[in-house]
Amino acid sequence: MRVIISGGGTGGHIFPAISIANALREADPATEILFVGAKGKMEMEKVPAEGYEIKGLPVAGFHRQINLRNIVRNMAFPFKLMASMYQARKIVKTFKPDVAVGVGGYASGPVLRCASSMGVPCLLQEQNSFPGVTNRILAKKSSKICVAYPNMERFFEAQKIIFTGNPVRQQLLKATNKEEGYEFFGLDSSKPVILVIGGSLGARSINQGLCESIDTLGDDCQLLWQTGKIYYDSIKEQMDANPKSNVKTMAFIQRMDLAFAIADVVISRAGASSISELSLLAKPSILVPSPNVSEDHQTKNARALSDKGAAILVRDDETKTLLKTAQKVLNDKEKLKSLSENILEFARPDAARDIAEQVVSLVEIKRLAE
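Quick summary incoming for the structure in this document. Along each chain, the written sequence defines residue order, and numbers are assigned to residues from 1. Confidence filtering applies because this is a predicted model: local features only for residues at pLDDT of at least 70, side-chain atom pairs given and counted only at 80 or more, and all residues used for totals across whole chains, interfaces and linings. Only hydrogens and water are removed before side-chain values are computed, so all heavy atoms of the structure are retained for them.

## Some details on the side chain of Thr-31
Note the following rule: By definition, any uninterrupted DSSP run of H or I lasting at least four residues is a helix, any uninterrupted run of E lasting at least two residues is a strand, and each is numbered from the N terminus. The classification of residues rests on relative accessible area computed with a 1.4 Å probe and restricted to protein chains. Under 20% of the type maximum is buried, over 50% is exposed, and intermediate values are partly exposed. Pairs of N or O atoms within 3.5 Å make up the polar contacts considered here, provided that, within protein, one atom can donate a hydrogen while the other can accept it, and that residues adjacent in sequence are counted only when both atoms are side-chain atoms. Contact criterion: two residues are considered in contact whenever any of their non-hydrogen atoms come within 4.5 Å of each other.
Its location among the elements puts Thr-31 in the loop between helix 1 (11–27) and strand 2 (32–38). On the accessibility criterion, Thr-31 (2% relative accessible area) is buried. A polar atom in the side chain of Thr-31 sits 2.8 Å from the backbone oxygen of Asp-28. Beyond its immediate sequence surroundings of up to four residues, Thr-31 is in contact with Met-1, Val-3, Leu-24 and Arg-25.

## A closer look at helix 11 (residues 272–280)
The buried fraction of helix 11 is high, at 8 of 9 residues. Following helix 11 by one or two positions, Ala-282 has its phi on the positive side, about 55°.

## A closer look at the sheet that holds strand 11 (residues 265–268)
Paired through their backbone hydrogen bonds, the strands of a sheet run either parallel or antiparallel. Test applied: Only strands joined by at least two bridges in the DSSP assignment are considered to pair.
Here 6 strands make up an open sheet; going across it, the order is 10-9-8-11-12-13 and the pairing parallel. With partners counted over all chains shown, the strands left at the sheet margins are strand 10 (247–250) and strand 13 (312–313), one partner each. Sheet topology places strand 8 (residues 193–197) next to strand 11; 4 bridges connect them, and they run parallel. Looking at strand 11, one finds that Ile-194 is bridged to Val-265.

## So, the environment of Ala-17
Here Ala-17 lies in helix 1. Ala-17 sits 30 residues away from Val-47 along the chain, and the two C-alpha atoms are 9.1 Å apart. Leaving out residues up to four positions away in the same chain, Ala-17 has contacts with Ile-5, Phe-35 and Val-103.

## Section: helix 12 (residues 297–306)
Of all the residues in helix 12, the buried ones are His-297, Gln-298, Thr-299, Asn-301, Ala-302 and Leu-305. Looking at the packing, one finds that the buried side of helix 12 touches helix 11, strand 12 (285–287), strand 13 and helix 14 (333–344).

## Topic: the pairing of strand 5 (residues 122–126)
Most of strand 5 is tucked away, with 5 of its 5 residues classed as buried. A two-sided burial pattern is seen for strand 5, the buried positions comprising Cys-122, Leu-124 and Glu-126 on one face and Leu-123 and Gln-125 on the other. As judged from the 3 bridges shared by strand 4 (residues 99–102) and strand 5, these two strands associate in the parallel manner. Counted as the bridge partner of Val-101 is Leu-123 from strand 5.

## Regarding the sheet that holds strand 2
Our working rule: Convention adopted: a line fitted to C-alpha atoms gives each axis, helices being fitted over their contacting stretch, and angles between N-to-C directions are expressed from 0 to 180 degrees.
Strand order in the open sheet formed by 7 strands is 3-2-1-4-5-6-7, with parallel pairing between adjacent strands. Strand pairing shows two members of the sheet lacking a second neighbour, strand 3 (53–57) and strand 7 (161–163), which therefore form its edges. In this sheet, neighbouring strand axes are inclined to one another by 25° on average, regardless of whether the strands run parallel or antiparallel. Taken together, the 4 bridges between strand 1 (residues 2–6) and strand 4 define a ladder with parallel strand orientation. By the bridge assignment, Ser-6 is partnered in strand 4 with Gly-102. Against the sheet, helix 15 (residues 351–369) makes contact with strand 1, strand 4, strand 5, strand 6 (144–147) and strand 7, and its axis sits at roughly 165° relative to strand 5, the strand it touches most.

## Considering the pairing of strand 4
Inclusion rule: Classification remark: right-handed applies to a crossover when, strands pointing away from the viewer, the course from the first strand over the helix to the second runs clockwise.
What you see with strand 4 is no split at all: Val-99 and Val-101 on one side and Ala-100 and Gly-102 on the other are buried throughout. Following the chain from strand 4 across helix 5 (residues 108–117) to the adjacent parallel strand 5, one finds a crossover that is right-handed.

## Focus on the packing of aromatic side chains
We count it as follows: A pair of Phe, Tyr and Trp rings is counted when the ring centres sit within 6.5 Å of each other, with Trp represented by its six-membered ring. The angle between the planes then sorts it: under 30 degrees is stacked, over 60 is edge-to-face, the rest tilted.
For the structure on display, the rule yields 3 aromatic pairs. Between Phe-35 and Tyr-52, the aromatic rings sit 5.4 Å apart at their centres with planes inclined by 55°, giving tilted as the arrangement. Here the residue Phe-35 occupies a position in strand 2, and Tyr-52 occupies one in the loop between helix 2 (43–49) and strand 3, the gap between them amounting to 17 residues. Both residues of the pair, Phe-35 and Tyr-52, count as buried. Here Phe-184 and Phe-185 contribute two aromatic rings whose centre-to-centre distance is 4.9 Å and whose plane-to-plane angle is 85°, an arrangement assigned as edge-to-face. Taking relative accessible area as the criterion, Phe-184 reaches 45% and is therefore assigned partly exposed.

Here's what the structure looks like:
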């Protein structure tokens, strides 16, 4: 079986894609998998690190906010799109996939458009409760659409929809020793931990809110703070000027399994993959939807949980209240318990395997028809 998996741009697209690939390989080690991503994006580094081949396209997104910089950047959009379509067609023709899988992100558009036009069955993995423009367009030519939220018939043909949930990073499912986590991060095992993960690239507004309110952090808890690489130096400088022994800042947390193991409350963006991981691990969560995403889909993701008492929603312009909110939750054992129990209802631990089964079924249908 030969499978192309296309998409990326953020960890929210990349980690599910890798999980699907791993599930396919687990089902059949002989499966040949080729990733296609966008040049210069993080998938070009993360995918090879997991042992998979990847090819990059020059594709870029269309910037909808009107300003001079975006107008200039959008002038190159049609040329990059045409070059990407040409290269995508060449990749599909050379690799000869049995099926193409799109996980969202810039590169999935050209690849799945070319694959479907060449008779290759396509499967979409839609992670959010409100799909982006690319997936809504690609859905018309796709055979199956794996979703993570109910009521997606508003956007896709009902007969194509399979409710699978979102795949998560497999290492998070391994049993971890909490004592190892405290030791790894240099934290005190006798004090609760607030974990802040603003996405793999960091979140400016969350970082700013925490910096402005850091004095409200009590000595009876600890803060493990993933700042993102581009914000780390400036935040470290601020923390060095006003040092607090119970604050641990890191540009990027490689051992997220250990970070989640010791986290009592998690402050996070409301990306689909982040929510899936938090659900699976039953972590009491405070979600801060990013306003800088298409169709404001993170707010819709967060509301799907907050309406069920499965998370606390804090707006992006209220980040100065995050530490107070987190400490209030820490001090309310009943709230901690209810948040944990309610978010677990959203967990789908077998998502990667279920999606892989749908991929295999498409290949079997295709081969029976030939």
